[in-house]
Amino acid sequence: MPVIERPDTARISWESDGPQDAPAVLLLMGLAYPAAMWFRLVPALAERYRVIRIDNRGAGRTGDVPGAPYTIETMAADSLAVLEAADVETAHIVGISMGGLIAQEIVLTAPERVRSLCLIATHPGIAHAVMNPQAMAMLMQRGQMTPQEAAEASIPFNYAPETPRERIEEDWAVRFPLAATNEGYLAQVVGSSQWDGYDRLEGITAPTLVVHGELDALVPPENGRIIAGRIPGAELVMIPNANHVLMTDQPEHVSKLLVEWLDRNR
């Protein structure tokens, strides 16, 4: 996998799939998850798009780097640097959860680089977010758990009740070998909790799709409604029978929705 060197000596790992001369789609993953967790969506997207994935600071092959906590502004700058390294002038930006915060920061600070924006299962910043106290308590305890313990505890907040256990364990088989350390996890938690985009969202002019699982217990669906209400012309789609990790709960639905959105804004 290619790596970019950042001014603070961080080495950010990224990868590219699909036709190299096709329009680019930048995928930004959520808290403590590696870029590999986009695996259910990449095959459909890579048929007609160049799909670029980044391991954020503290996650995946990038791992722990200097400069904790990792702010959203820093991770957005990392993402733009990856686009530069990939020789991509403009891209469709897709972010889930914490990755949605990074995506918002990118479009707010570098709108000329964004063809379209897709914000999945995310919020406008903690200060204006609707939070689930039980989910927050689980996240705060996670730093003292092993990856397996944390994964088990997070099931009700991540997956729909109907999602088969074997599908959840497929996710774990991808995640666990690239699991964030407790230090990396906490660096992302603290850094992302400092970010707020609520008052700036009205300035977004890129075509925007907001997607949320109807059952999201980690980032409640009202957050998607708040974001869609703040961004002019944003479209809001609620996915039935989907919790926070909606691309595992409803992979075919989410893949189809995302490909159709990209094609419309190609």
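So, how was this worked out
Residues numbered from 1 in each chain as written. Predicted model: local features only at pLDDT ≥ 70, side-chain atom pairs only at ≥ 80, totals over all residues. Heavy atoms only, no water. 1 Å grid on protein atoms, 1.4 Å probe; cavity = no way out; pocket = protein on both sides within 12 Å on 5 of 7 lines; lining within 4 Å. Points joined across faces, edges and corners; volume = space filled by probe spheres on them. Helix = DSSP H or I, 4+ residues; strand = E, 2+ residues; numbered from the N terminus. Nonpolar A, V, L, I, M, F, W, Y, C, P; charged D, E, K, R; others polar. UniProt positions renumbered as here; feature names shortened; annotations may be inferred. Axes fitted to C-alpha atoms, helices over the stretch in contact; angles between N-to-C directions. Parallel < 35°, antiparallel > 145°, perpendicular 65-115°, else oblique. Contact = heavy atoms within 4.5 Å. Pairing = 2+ DSSP bridges. Buried < 20%, exposed > 50% of the residue type's maximum accessible area, 1.4 Å probe, protein only.

- By the naming in an unreviewed UniProt entry, the protein goes by Pimeloyl-ACP methyl ester carboxylesterase and is assigned to Blastococcus mobilis.

### Focus: empty space enclosed by the protein
Move 1: Taken as a whole and assessed by the stated rule, the structure comprises 1 cavity of 30 Å³ or more.
Move 2: Empty space within the largest cavity amounts to approximately 160 Å³.
Move 3: As for the largest cavity, its lining consists of 15 residues, and the residues nearest its centre are Arg-142, Pro-147, Arg-175, Ala-179 and Ala-180.
Move 4: At the level of elements, helix H5 (147–158) and helix H7 (182–193) are the ones that each hand at least two residues to the lining of the largest cavity.
Move 5: Of the residues belonging to the lining of the largest cavity, the class tally is 10 nonpolar, 3 polar and 2 charged.

### Examining the layout of surface pockets
Over the atoms, a rolling probe the size of a water molecule traces out where space has been left empty.
Move 1: Put simply, the largest pocket is a space of about 460 Å³.
Move 2: Residue lining of the largest pocket: 27 residues in total, with Leu-31, Ser-97, Met-98, Leu-139 and Leu-218 positioned closest to the centre.
Move 3: Taken together, the elements giving at least two residues each to the lining of the largest pocket come down to helix H3 (98–109), helix H4 (133–142), H5 and H7.
Move 4: In terms of residue count, H4 provides more of the lining of the largest pocket than any other element does, 5 residues in total.
Move 5: Partitioning the lining of the largest pocket into residue classes produces 18 nonpolar, 8 polar and 1 charged.

### What about the UniProt feature "domain: AB hydrolase-1" (unreviewed entry) in the protein?
Move 1: Look at the UniProt record and you will see "domain: AB hydrolase-1" (unreviewed entry) annotated at residues 23–247.
Move 2: Within residues 23–247, the helical portion is 38% and the strand portion 15%, while the C-alpha atoms at the span's ends are 22 Å from each other.

### Quick word on the packing of helix H2 (residues 72–85) against H3
Move 1: Where H2 meets H3, the axes come as close as 9 Å, and the angle between the chain directions of the two elements is 70°. When the axis of H2 is compared with that of H3, the two are roughly perpendicular. Taken together, the residues of H3 that come into contact with H2 (itself represented by Ile-72, Glu-73, Met-75, Ala-76, Ser-79 and Leu-80) are Met-98, Leu-101, Ile-102, Glu-105 and Ile-106.
Move 2: Taken together, the residues that form the contact of H2 with H3 break down as 8 nonpolar, 1 polar and 2 charged.

### Regarding the sheet that holds strand E5 (residues 91–96)
Move 1: A sheet is described by the order of its strands in space; here 8 strands give the open sequence E1-E2-E4-E3-E5-E6-E7-E8, paired in mixed fashion. Strand pairing shows two members of the sheet lacking a second neighbour, strand E1 (3–5) and strand E8 (235–239), which therefore form its edges. If you compare each strand with its neighbour and ignore which way they point, the axes differ by 20° on average.
Move 2: Relative to strand E4 (residues 50–54), strand E3 (residues 24–28) runs parallel, the two being bridged by 5 bridges. Among the inter-strand pairings, Leu-26 is bridged to a residue of E4, identified as Ile-52.

### As for the pairing of E4
Move 1: Burial analysis of E4 places 5 of its 5 residues in the buried class, the great majority of the element.
Move 2: Side chains Arg-50, Ile-52 and Ile-54 of E4 all project onto a buried face; the interleaved residues Val-51 and Arg-53 project onto the opposite face, where all are buried too.
Move 3: In this sheet, E4 lies alongside strand E2 (residues 11–17) in antiparallel orientation, the contact comprising 4 bridges. Bridge pairing in E4 links Asp-17 to Val-51.

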